[in-house]
There are 2 protein chains.
Amino acid sequence: MENLFWIGFVGALIAALFAWMQAKRVLSYSEGSERMQKIAASIRSGANAYLKQQYTTVFKVFVVVFIILLAIAFGSGGKMLSKYTPFAFVTGGVFSMLAGFIGMKIATSSNARTAQAASESLNKGLRVAFSSGSVMGFTVVGLGMLDITMWYYLLRYVFGVADPVSLGNIMVMNGMGASFMALFARVGGGIYTKAADVGADLVGKVEAGIPEDDPRNPATIADNVGDNVGDVAGMGADLYESYVGSILATFALGAVGGYGFNGMLLPMALSVCGIICSILGSFLVKTKENATQESLLKSLRTGTYTAAVLAAVLAAPLTYFILGSWGVYIAILCGLVGGCAIGYFTEYYTSDTYKPTQELAAASETGSATIIIGGISLGLKSTLTSILIVAAAVLVSYFAAGGSTVIVDEAGAFTEAFNRGLYGIGIAGVGMLSTLGITLATDAYGPVADNAGGIAEMSGLPEEVRGRTDALDSLGNTTAATGKGFAIGSASLTALALLVSYVNIVQENTTETLNFTLTSPTVLVGMFIGAMLTFVFSAFTMSAVQKAAQSIVVEVRRQFKEIAGIMDYKADPDYASCVSLCTRGALHEMVAPALLAIVVPIATGLVLGPTGVVGLLGGVSVTGFAMAVFMSNAGGAWDNAKKYIESGHHGGKGSEQHKAAVVGDTVGDPFKDTSGPSLNILIKLCSTVSIVFSGLILAFNLMNLL
Amino acid sequence: MENLFWIGFVGALIAALFAWMQAKRVLSYSEGSERMQKIAASIRSGANAYLKQQYTTVFKVFVVVFIILLAIAFGSGGKMLSKYTPFAFVTGGVFSMLAGFIGMKIATSSNARTAQAASESLNKGLRVAFSSGSVMGFTVVGLGMLDITMWYYLLRYVFGVADPVSLGNIMVMNGMGASFMALFARVGGGIYTKAADVGADLVGKVEAGIPEDDPRNPATIADNVGDNVGDVAGMGADLYESYVGSILATFALGAVGGYGFNGMLLPMALSVCGIICSILGSFLVKTKENATQESLLKSLRTGTYTAAVLAAVLAAPLTYFILGSWGVYIAILCGLVGGCAIGYFTEYYTSDTYKPTQELAAASETGSATIIIGGISLGLKSTLTSILIVAAAVLVSYFAAGGSTVIVDEAGAFTEAFNRGLYGIGIAGVGMLSTLGITLATDAYGPVADNAGGIAEMSGLPEEVRGRTDALDSLGNTTAATGKGFAIGSASLTALALLVSYVNIVQENTTETLNFTLTSPTVLVGMFIGAMLTFVFSAFTMSAVQKAAQSIVVEVRRQFKEIAGIMDYKADPDYASCVSLCTRGALHEMVAPALLAIVVPIATGLVLGPTGVVGLLGGVSVTGFAMAVFMSNAGGAWDNAKKYIESGHHGGKGSEQHKAAVVGDTVGDPFKDTSGPSLNILIKLCSTVSIVFSGLILAFNLMNLL
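Residues numbered from 1 in each chain as written. Chains lettered and ligands numbered in written order. Predicted model: local features only at pLDDT ≥ 70, side-chain atom pairs only at ≥ 80, totals over all residues. Heavy atoms only, no water.

- Per an unreviewed UniProt entry, chain A is named Putative K(+)-stimulated pyrophosphate-energized sodium pump, and its organism is Pusillibacter faecalis.
- Quoted verbatim from the Cofactor (unreviewed entry) field of UniProt, the annotation for chain A is "Mg(2+)". (UniProt positions renumbered as here; feature names shortened; annotations may be inferred.)

Structure below.
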């Protein structure tokens, strides 16, 4: 059975072929007028320039970490760290980078084409934007399959790691490179996009009173570049990391849970099956010409839900065939259903068709202070449903997959039943992400539509075209929120699986029985530090946006003052200066938060030992999840409350209420697009860093002296 | 040695005598002109009316809980719950209520007197306000000593509980009543005061452009009433709960740690010693006539630091004499030093003499959105130092007091060394609060000075008097922030001690070895629910303020519009309607969050069993601490950034920057005075509720069926 692992290559191939077809299709469309081509080219070159510099910075950090890993692995003769890990670290990073880069390439080639197609018909616009999103979605899953399958064959057949437990323990460390790259991409891209957005809005919309994407706004190109480097390249790297991470986390647990190599085959088979279902689903995404907002959403939903239902049906024989266990199948269903439930409640809290966001919009009647208070309390409240869903998914998948209430045997080792239960939690995460190909396509289509709207506005296309791109864009807000829900939901499950792998690996390498009881002072102190890490990481990313945005505000104000004739279209603003300010700001500010995720777990380990690290991982997982949900939903609700007012409620555009809502939206920008979505990566990076450095920490820590 | 427990009564007596002397002294001052007396009387009657209604509502809830406790205790023949607990629940609630009520009584009698004294000299104003604060401070500690000593003698000699472990386990449950009352007082008072404040500011200051405390503002009396019911009565109940809770938490651990009754004598002796040191320190609080802000702060600090140093010196022979352990003395020092360190960093993050708040003020240059983002990131960042201080205090006091890295013996029970170490953590919390008499006096003096300023403004006292009361008030902001630091810092230590008591009590009542390993799914799910509780509780309290404030805004706008002549002083506004709106709003909104703290731990226990409860307590302690620090410091910094601008920076009063800063301040109001300071009570209430209901949960929970 386990010899079927080659299906990973098949999955990668299918995904690549489909992505290639979609790319060809997109590129067959026209890029429109010369002015449109020129704008698209500026956005493309800005995005390329930023990514080039970002990769240069990241490259340096990767070299340093690679050398440290090499030193530990070869210095200890492979005892403290497998000799393969430094190399897997590099491939993970490169593949994660590629996922984002390819997505960005196609997105910047699709934006003008989408605008042009939308000028022909709404359905054409939708198809081009969605095809562009599909390229990204299937590139991510294809690269993920390739990376995992490649390393599996290398380790097992070339380097001869024949024992499934050892193989699983090595593979689980392979996620670190992807997570590290993803954190840089998310944080750097997130800072870039929101600095540009906030800066453009604060001076352009609020002070000068010109519309969004107005060509007179010097920050407008930077804003559109930001959509690509943040919402596309950043998100691609992020979800690549989530996808690969969820699969690898189950590998180690399947082996110790007694499933051997079959425990690794199942998540791969499930993912390949998900790729095929996603392709089938994506054929259903189309719309009629006079489509409303609802029918557009329905067409995307038809695609994603069909894929999910197909995957749910096919997973049953698959699971039974491979593991002979219906319990594990229930765990997979938990993941699929949990993901949809999180998506639904994300929409409930953030969409203006429901009460919470409508009430938030009403808070604008008493000014910006009350809308801020209202948004914060809405976001905090929204953690209720997300956490209850995750709690239910964890418990049901654990017990269904054979978990037991007795988790430690007399010798202090975790029981096989416990590991089987945890394997259930891990595979629920894989299930949640199995149809990532199509969910990511619906998500990545958003920024393309957003850019298309910008290009339509800047190149003076007719009002009705802008109307169509606006319809596409506004839908993108909803799918983006849902996408974040999937990323953080799966992260919570993956993080728990990684936490247990950490403990298993530590226990294997020591004869001491370590005490991971929650009441232990080192565990408790670790939990405090984990919470601190979440809070301080969020602070760093928020203040990075604030600082970079302030520099944009100053620059835009300067241009309005010094370049005569901008306002009456007689002179062009200096777009490039804003692009380069954002680039510098993002690169300068992204390093500190990313390093936190590596330095804090290691430092905690050196002082508190492995029990402190377990506390930290528990603390950061729990607070990181709650904080991510809070931030994403508060930000989404503010954004849509503003849109709700713009659509004519509470005084409409230009009213005092609208101004108050713009303040809310601006505060929400770093919440929902910088700090919030980075937290799911932080959680997993902390876990894999802890696993990779576990040998070092076990040998050297202050608690050994007591 | 243990026969010396009667010193608790001596401490109570000394504190009561000193409070009585200070009260007599305050009341010997004149209340000033007829107009001043009239305003003071309105504030007094508003505060009385609110408290009366609050106590009526709370009484009903207490009756219900009392009956439930009676039913469990007597229904199970004392097996699931001690028969004394229902009664201790009532006394704890009554004493906590009394602490707040007496403080409020004296504060509302001192405000006009302070204004009058300030019109004579700054030093006189300071002395009256500080004496009023002292009444509250010493009432709180005196009542605390009385409650604990009384129950100790009742249980040990009247009801014959001769075993220290049993006595400790019964006493530790006595904190529940105080915590429950405190939560109502803090949340209800916090909603009241901030609804009034936000409402008054939004319409008065921002829309109508009239100064703070202007008699034309219909919400101004409600605002002043709020200071008394929230910042005085609420804070008194809160700190009563902290004080008693920290002492009781050490009782149980001292007994299981092998110290017997002497382990209970030490925290009592330490507290009595702290009372005497506080009295000595309070004699040093005075100032010269031409005092600057700095010299005023110095005079308060001389008092508190002298008291702390004296207590630190006296604690050494005391600890050695009672327990014969220098290690426990080091733990006490950890508490005292940790408290001062948290106080210092609170000031660093929130005072406008330091960089963080100055930079926050500078963010006003780019509008209200950036000052909000800046304040949130400042608050999140400030968790760094607080958590590192608590982490260091926990580790040092644990190991110094004899804690060991081996925490569980072969039979699965916690070792004596572990309990001794935890006793160290608990006593560090007692040490931190030992000089509460004087720290609370400096804290409670603030609202009195604030009210005095209001009365000076409303009764048209000369400009220089308002200048003096402003100086006193602004100092109060700093001491209030420090006071919150102490409350939350001690809460984190007390919560850890309670957590271990919970596990001890559960283990004692079952033959099963329960597994509290952090990696257990029930523990992890419990942690998630703990984090959710923190977030949702904060959401409830924030949105309560928002809703109540919105109703005030509507009412004030109505009065400005409908009552002709308010603006040119020809007609009096209807103060009473705002007072009653606030009362209704606060009472209506306070019940849900308070009930959360009781319902969630019990529900979690019924589903997940004791291991889930331990996860919940860990999760709520850690996230509650971080969230409280974040909210208190962000709120404090916004407030002072606004004051910094008002003192002439960044455009000064009335500028666009100032308007942006007012938005920040308004958002910060519920952060720092409603949600933030309630969290320390939430943490401890969850713990004591879990302990009280542990017998019930052990017998009935879903996990028993698996």
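Next comes the rest of the write-up.
### Describing the packing of helix 2 (residues 34-75) of chain B against helix 15 (residues 436-458) of chain B
Residue and element names in this part refer to chain B.
Point 1. Interhelical geometry of helix 2 versus helix 15 gives an angle of 135° and a closest axis separation of 10 Å. Compared by their axis directions, helix 2 and helix 15 come out oblique. Note on packing geometry: the crossing formed by helix 2 with helix 15 is right-handed. On helix 15, the residues that touch Arg35, Met36, Ile39, Ala40 and Ile43 of helix 2 are Asn451, Ile455 and Met458.
Point 2. Of the residues in the contact of helix 2 with helix 15, the class split is 6 nonpolar, 1 polar and 1 charged. (Axes fitted to C-alpha atoms, helices over the stretch in contact; angles between N-to-C directions. Helix = DSSP H or I, 4+ residues; strand = E, 2+ residues; numbered from the N terminus. Parallel < 35°, antiparallel > 145°, perpendicular 65-115°, else oblique. Left-handed = near helix turned anticlockwise from the far one by under 90°. Contact = heavy atoms within 4.5 Å. Nonpolar A, V, L, I, M, F, W, Y, C, P; charged D, E, K, R; others polar.)

### Here's the deal with the relation of the copies chain B and chain A
Point 1. Least-squares fitting of chain B to chain A yields an RMSD of 0.0 Å, with the transformation described by 0.0 Å of translation along the axis and a rotation of 180°. Viewed as a symmetry operation, the transformation between the two copies matches a two-fold axis. Among all residues of chain B, the one whose C-alpha sits closest to the rotation axis is Thr517 of chain B, at a distance of 2.0 Å.
Point 2. Comparing contact sets, 100% of the residues at the interface of chain B also lie at the interface in chain A, consistent with an isologous, same-surface contact. (Least-squares fit on C-alpha atoms with pLDDT ≥ 70 in both.)

### Section: unusual backbone geometry
Point 1. With a phi angle near 60°, Tyr569 of chain A is a residue other than glycine that sits in the positive phi range.
Point 2. Its location among the elements puts Tyr569 of chain A in the loop between helix 16 (521-562) and helix 17 (575-646).

### Remarks on the pattern of salt bridges
Point 1. Under the defined criterion, the tally for this structure stands at 50 salt bridges over all chains.
Point 2. Ionic pairing is found between Asp214 of chain B and Arg216 of chain B, a salt bridge with its closest N-O pair at 2.8 Å. Across the pair, Arg216 of chain B and Asp214 of chain B agree in class, each one buried.
Point 3. The partner of Arg420 of chain B in a salt bridge is Glu416 of chain B, and the shortest N-O contact between them spans 3.6 Å. With Arg420 of chain B and Glu416 of chain B both in helix 14 (residues 416-433) and 4 residues apart, the pair spans about one turn of that helix.
Point 4. For Arg420 of chain B, a relative accessible area of 25% translates into the label partly exposed.
Point 5. Three or more residues joined by partner-sharing salt bridges are found here, namely Lys194, Asp197, Lys484, Asp639, Lys643, Asp669, Lys672 and Asp673 of chain A. (Salt bridge = Lys/Arg side-chain N within 4 Å of Asp/Glu carboxyl O. Buried < 20%, exposed > 50% of the residue type's maximum accessible area, 1.4 Å probe, protein only.)

### So, the interface of chain B and chain A
Point 1. Between chain B and chain A, the residue contacts involve 82 residues of the former and 82 residues of the latter.
Point 2. Overall, the association of chain B and chain A removes approximately 6900 Å² of surface from exposure, summing both partners, and the carbon and sulfur fraction of that is 85%.
Point 3. It is Ile373, Phe528 and Phe535 of chain B that lose the most area in chain B upon contact with chain A, and together they represent 11% of the buried surface on that side.
Point 4. The tally of links between chain B and chain A comes to 0 salt bridges. (Buried area = accessible area lost by both parts, 1.4 Å probe.)

### So, the UniProt feature "site: Determinant of potassium dependence" (unreviewed entry) in chain A
Point 1. What UniProt calls "site: Determinant of potassium dependence" (unreviewed entry) maps, in this numbering, to Ala480 of chain A.
Point 2. Secondary-structure assignment places Ala480 of chain A in helix 15 (residues 463-508).

### Quick look at empty space enclosed by the protein
Point 1. Under the defined criterion, the tally for this structure stands at 15 cavities of 30 Å³ or more.
Point 2. What the largest cavity holds in volume is close to 310 Å³.
Point 3. Taken together, 22 residues form the lining of the largest cavity, with Thr304, Tyr305, Thr439, Thr482 and Phe486 of chain A sitting closest to its centre.
Point 4. Secondary-structure elements contributing two or more residues to the lining of the largest cavity are helix 9 (293-323), helix 10 (326-350), helix 14 (436-458) and helix 15 of chain A.
Point 5. Its volume calculated, the second largest cavity comes out at about 150 Å³.
Point 6. Around the second largest cavity, the lining is made up of 18 residues, and of these Lys484, Gly485, Ile488, Ala628 and Ser632 of chain B lie nearest the centre.
Point 7. Among the elements of the structure, helix 10 (326-350), helix 16 (463-508), helix 18 (575-646) and helix 19 (656-692) of chain B are those that each provide at least two residues to the lining of the second largest cavity.
Point 8. In terms of residue class, the lining of the second largest cavity is made up of 8 nonpolar, 7 polar and 3 charged. (1 Å grid on protein atoms, 1.4 Å probe; cavity = no way out; pocket = protein on both sides within 12 Å on 5 of 7 lines; lining within 4 Å. Points joined across faces, edges and corners; volume = space filled by probe spheres on them.)

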